[in-house]
Amino acid sequence: MSATITGRLGWGLAAAALVGAFVWAGWPRPVAVETATIGRATLEVTVEDEGLTRIREVYTVSAPTTAKLQRSPLTVGDAVTAGETVVARFTPVDPSLLDARAHRVGQASVDAGLAAVALAEAQAAQAGSQLDFARSELKRAEDLAAHRTIAERALEKARLDVATAEAALASAVATVEVRRQELTSARAQLIEAGAAGGSRGPCCVELTAPVGGRVLKIHVESEQVVAAGAPLVDVGDPDDLEIAVDLLSRDAVRVVPGATARIDAWGGASLSARVRRIEPVGVTKVSALGIEEQRVKVVLDFVDPPATRARLGHGYRVVPRIVVWRGEDVPTVPIAALFRDGDAWAVFTETDGRARTRRIEIGERTPRAARLIAGLAEGERVILHAPETVRDGVAIRAIAP
């Protein structure tokens, strides 16, 4: 009998233990959460985007006339001195090659020039003979006039004939010179590339740097014929840098001239800059995702001396962070604690080991914190990254972040 009672008692205890285990397993446990304390801090709201450094004044040296450019004596990065360093040298362009028809036309012009010179020389000889005859007639007339055997009118007529013959001879001589120059021009049309006399020397024009600085770009490096106005070399002062960044129009309207900015992640220590100009025109650009965006160019000046950014050059990528609002010692709430509750912002606070929903009002925001306007007091603790299991009144257990 006693064995039977003992067995039943054992089974009863085992059943009670099993029921207790099930009750303990189903009993709600506190949810482990990370928390943060509401405090005061300096809050700085910035807008940022990728920008490029650029030299404020870039000078492009262009070809003054169509000519043959010699190979560039410079390389990119070379230092130049204003008015001294030669940046480009030119020689005359070689004559063009002549095809068969052009060569025959040119030869015909030479032959015609030779004939014209011969004709002009013959006319000059004829004018010379007429002048000799007129002079002899004048001498006879003067002898007869001395003996008063001819009229004064005949003497004047002889003198007029001499003057006319002299003018005719001068005209004929000038015509000969004109025909000879025309012949020289016709012969020049037959000069081809590589022929003797096709070039006038090793160099006839040199261009010097307009400003001191460094060579930024060489548009034409090898020897070739360039047209008038063709860009050859870009020159500028690397110490005179500025930053140009294309901001989204919704960000650009928040920026004001004189706003401060920081330049980080460019490869060196953080730099300071200041907004100089916000262009009043927006430009439509297509993003890498194929989305059309309205961009506004903002220009910034470096505040730090050139020595602090000596490694920066023309066209380097930088990311300016422009300050649009700054608050000193303002109450803040972590962004990780915020969530939407209807049309308002809310947080979960830690109150007596339980989560409580609290609607709040916030102002300016950064990626990490927002300015707290109303709804919480300093020193209260809020839950960060609240999991889905957290609801109003749920037991919670704070863990170290």
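The preceding data block contains the structure.
Model, not experiment: these values are computed from the prediction. (Residues numbered from 1 in each chain as written. Predicted model: local features only at pLDDT ≥ 70, side-chain atom pairs only at ≥ 80, totals over all residues. Heavy atoms only, no water.)

Chemist: It is not clear to me how helix α3 (residues 152-188) should be interpreted in this structure. Could you clarify?
Modeler: Quick reminder: α-helices carry 3.6 residues per turn. Residues three or four places apart thus point the same way. Look at α3: 55 Å from first C-alpha to last across 37 residues, which is about the 54 Å you get at 1.5 Å a residue. Buried within α3 we find Leu155, Ala158, Val162, Ala165, Ala172, Val176, Leu183 and Ala186. Those residues of α3 hidden inside the fold are in contact with α2 (100-146). (Helix = DSSP H or I, 4+ residues; strand = E, 2+ residues; numbered from the N terminus. Expected span 1.5 Å × (residues − 1). Buried < 20%, exposed > 50% of the residue type's maximum accessible area, 1.4 Å probe, protein only. Contact = heavy atoms within 4.5 Å.)

Chemist: Please clarify how the packing of aromatic side chains should be interpreted in this entry.
Modeler: Each pair of aromatic rings is reported with the distance of its centres and the angle of its planes. Applying the stated criterion to the full structure yields one aromatic pair. Residue placement shows arginine 340 over the ring face of tryptophan 345; its charged tip is 4.5 Å from the ring centre. (Phe/Tyr/Trp six-rings, centres within 6.5 Å; stacked < 30°, edge-to-face > 60°. Lys NZ or Arg CZ within 6 Å of the ring centre and 35° of its normal.)

Chemist: How should unusual backbone geometry be read in this particular structure?
Modeler: Comment: phi is negative for the bulk of residues other than glycine, and the bulk of peptide bonds are trans. The phi dihedral of alanine 265 is positive, around 55°, even though this residue is not glycine. The residue alanine 265 is located in the loop between β13 (260-264) and β14 (271-286) in this model. Taking relative accessible area as the criterion, alanine 265 reaches 63% and is therefore assigned exposed. Unlike most non-glycine residues, aspartate 329 shows phi in positive territory, near 55°.

Chemist: What's the story with the side chain of arginine 309 in this structure? I'm lost.
Modeler: Mapped onto the secondary structure, arginine 309 falls in the loop between β15 (292-302) and β16 (317-334). For the buried residue arginine 309, which engages in no salt bridge, the nearest side chain bearing the opposite charge is aspartate 239, 5.7 Å off. Filtering out sequence-adjacent residues up to four positions away, arginine 309 remains in contact with Asp239, Leu241, Trp266, Leu271, Phe302 and Asp304. (Lys, Arg positive; Asp, Glu negative; His and termini not counted. Salt bridge = Lys/Arg side-chain N within 4 Å of Asp/Glu carboxyl O.)

Chemist: Would you take a moment to explain the sheet that holds strand β4 (residues 58-62) for this structure?
Modeler: Backbone hydrogen bonds hold the strands of a sheet together, and the pairing may be parallel or antiparallel. Pairing within the open sheet is antiparallel, and its four strands lie in the order β4-β11-β9-β6. Each edge of the sheet is formed by a strand with only one pairing partner; in this case those strands are β4 and β6 (79-80). The sheet contact formed by β6 and strand β9 (residues 213-218) spans two bridges and is antiparallel. Directly across from valine 80, in β9, lies its bridge partner glycine 213. (Pairing = 2+ DSSP bridges.)

Chemist: Looking at this structure, I do not really get the nonpolar core. What am I missing?
Modeler: Among soluble globular proteins, nonpolar side chains are generally buried collectively. Judged by nonpolar contacts, the single largest core of 22 residues is most densely connected at Leu247, Ile263, Leu300 and Ile322. Elements represented by at least two residues in this core include exactly β12 (241-248), β13, β14, β15 and β16. (Core = buried A, V, L, I, M, F, W, Y, C linked by side-chain atoms within 4.5 Å.)

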